[in-house]
Amino acid sequence: MSDPLKRVAIVGSGNWGSTIAKIIGNNIVKFNTFENEVRMYVYEEMVDGRKLTEIINEEHENTKYLPGHKFTPNIVAYADVVETVKDADILLFILPHQFVERTCNAIKSHVKPGAFAVSFSKGFYVGKDNTVELLSTAITRLLEIPCYVVMGANIASEVASGTFCEATVGARNYEHGQMVKGLLQTEEFRIVIKPDTEVIEVLGALKNIVAVAAGFSDGLGYGDNTKAAVIRLGLKEMVKFCEEFFPGHHPHIFLESCGVADLVTTCYGGRNRKVAAAFVKTGKDIKTLEAEMLNGQKLQGPDAAAEVKEWLKEKGQANKFPLFTAVHDICERRIEPTALIDALRYHPEFW
Ligand SMILES: NC(=O)c1ccc[n+]([C@@H]2O[C@H](COP(=O)([O-])OP(=O)(O)OC[C@H]3O[C@@H](n4cnc5c(N)ncnc54)[C@H](O)[C@@H]3O)[C@@H](O)[C@H]2O)c1
């Protein structure tokens, strides 16, 4: 008797979640190992007087978070997260990281034995006592299942449009890694599997902090040379963070899509850079700009900067990461945006 078909569930339906749903809806029918139907958890909201789940199931489009792109009809929207994950063998977490814990708590007694998770979210998990942990570690702890990661230079709207790009899957389990690759890879979206799961995830979170710094630099009116310095010194801090706290990874991991490529993309495109530039130019606070500029989408960089500051404080290492800590202090208005340039000028790199 052949193995039962595996069921995939997508937890999240924002800009990236909807993009991944578009890809998987097309890809999954090519395999005879997966159920064709893919349930997608949609945080319910009204859009133009209609429920978003209703719009997605009737029009096969997420008109709020990924307008202009059609899903295949096998993508089915559910407002109930427990119904979404019930019987699923593979749970793809594509939520803004702020919502991961409460979502895991809601589903934890409904996860199928033998299931595994994949996190596409960029950020850290902060516990009630301010302890900071990787999201994949938190998902594994809360759901008691393995959790792999997918990171890369992927601005969702470009991926959805099918322009060429690549991503990195972090998985030490070969069979599971291949399944994730099979679900995601297309001619235009190429996937590399690497075993350095923790570092791959950390890079995805840290690059958003550097993108905020790049946005400050743009907002202050600096040019490409300064931004290149932000990117280089930011990358140095990213590498140092990984070496200090996640030793043992392959040094070439920084050359994968999850490393330098994602960093460059985010420092030129992406919402963190855009909002940070507006923060400097308008004098408005981050939350106000997020609400005004992003149509319900969430920012990751300022939160990641706060989480990393907490992490570094706990380890007594904040002074070794002046760019990361300056970004947080600027977001909190403890220092002026121009102090970013001091963080570059007096960086330990030049001592
Ligand atoms: N958008 C991208 O280009 C991109 C690319 C790669 C990775 N990512 C990562 O993917 C993750 C998801 O980002 P996104 O772009 O899909 O989301 P998004 O910012 O586009 O959308 C926000 C989502 O959060 C949902 N939401 C709002 N309140 C909620 C609540 N209380 N509980 C649960 N959900 C709630 C909204 O319904 C919406 O689906 C993030 O960690 C992001 O860093 C995004």
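This one's a predicted model, so the numbers in the text were calculated from it and none came from an experiment. (Residues numbered from 1 in each chain as written. Predicted model: local features only at pLDDT ≥ 70, side-chain atom pairs only at ≥ 80, totals over all residues. Heavy atoms only, no water.)

Asker: What is the right way to read the overall build of the chain from this model?
Answerer: Along the chain, the regular secondary structure elements total 15 helices and 12 strands. Its C-alpha atoms put the chain at 65 × 50 × 40 Å along the principal axes. A buried classification covers 56% of the 351 residues belonging to the chain. Contacts spanning at least 24 positions in sequence make up 73% of the contacts within the chain whose residues lie at least 6 apart. Element-wise, carbon and sulfur atoms account for 51% of the exposed surface of the chain, whose accessible area totals about 15,100 Å². Between the mean site of the 39 positive side-chain charges and the mean site of the 45 negative ones, the chain shows a separation of 2 Å. (Helix = DSSP H or I, 4+ residues; strand = E, 2+ residues; numbered from the N terminus. Buried < 20%, exposed > 50% of the residue type's maximum accessible area, 1.4 Å probe, protein only. Contact = heavy atoms within 4.5 Å. Areas by Shrake-Rupley, 256 points an atom, 1.4 Å probe, with all protein chains shown as cover. Lys, Arg positive; Asp, Glu negative; His and termini not counted. Charge placed at Lys NZ, Arg CZ, Asp CG, Glu CD.)

Asker: Where do I start with the UniProt feature "domain: Glycerol-3-phosphate dehydrogenase NAD-dependent N-terminal" (unreviewed entry) in the chain in this structure?
Answerer: The UniProt record annotates "domain: Glycerol-3-phosphate dehydrogenase NAD-dependent N-terminal" (unreviewed entry) at residues 8–175. End C-alpha to end C-alpha, residues 8–175 measures 15 Å, and it is 30% helix and 24% strand. (UniProt positions renumbered as here; feature names shortened; annotations may be inferred.)

Asker: Is there a simple way to think about the nonpolar core in this case?
Answerer: Generally speaking, nonpolar side chains in soluble globular proteins are found buried as a group. Within the largest apolar cluster, 55 residues are counted, with the highest numbers of intra-cluster contacts made by F124, L206, F216, F241, F324 and V327. Residue contributions to this core peak at 13 residues, all from helix α8 (residues 197–219). Both domains that furnish three or more residues to this core are identified here as domain 1 (8–195) and domain 2 (198–350). The contact partners of F324, leaving out residues within four places of it in the chain, are L206, I209, V210, G234, E237, M238, F241, A305 and V308. With 40 residues, the next largest nonpolar core counts W16, I23, V47 and I56 among its residues. (Core = buried A, V, L, I, M, F, W, Y, C linked by side-chain atoms within 4.5 Å. Domains from an automatic or database assignment.)

Asker: How should the packing of aromatic side chains be read in this particular structure?
Answerer: The geometry of two aromatic rings is summed up by the distance between their centres and the angle between their planes. Counted under the stated rule, the structure contains 12 aromatic pairs. Judged by centre distance (5.3 Å) and plane angle (70 degrees), the ring pair of F116 and Y148 falls under edge-to-face. Separated by 32 residues along the polypeptide, F116 in strand β7 (residues 116–119) and Y148 in strand β10 (residues 147–151) bring together distant segments of the chain. Summarising the burial analysis for this pair, F116 and Y148 share the class buried. Relative to F279, the ring of F216 has its centre 5.6 Å away and its plane inclined at 45 degrees; by these criteria the two rings are tilted. Highlighted residues: F216 in helix α8 and F279 in helix α11 (residues 271–282), separated in sequence by 63 residues. By the burial criterion, F216 is buried, and F279 matches it. Following the ring pairs from residue to residue traces out a cluster consisting of F124, F241, F245, F246, W311, F321 and F324. Above the ring of W311, the side-chain terminus of K315 is found at 5.3 Å from the ring centroid. (Phe/Tyr/Trp six-rings, centres within 6.5 Å; stacked < 30°, edge-to-face > 60°. Lys NZ or Arg CZ within 6 Å of the ring centre and 35° of its normal.)

Asker: Help me understand the UniProt feature "active site" (unreviewed entry) in the chain, please; the structure alone is not making it clear to me.
Answerer: The UniProt entry lists K207 under the feature "active site" (unreviewed entry), expressed in the numbering used here. As for its position among the elements, K207 is in helix α8. Among all residues touching K207, those that are not within four sequence positions of it are K122, M238, D262, L263 and T266. There is a polar contact of 3.1 Å between the side chain of K207 and the side chain of N208. (Polar contact = N/O pair within 3.5 Å; in protein donor to acceptor, adjacent residues only side chain to side chain.)

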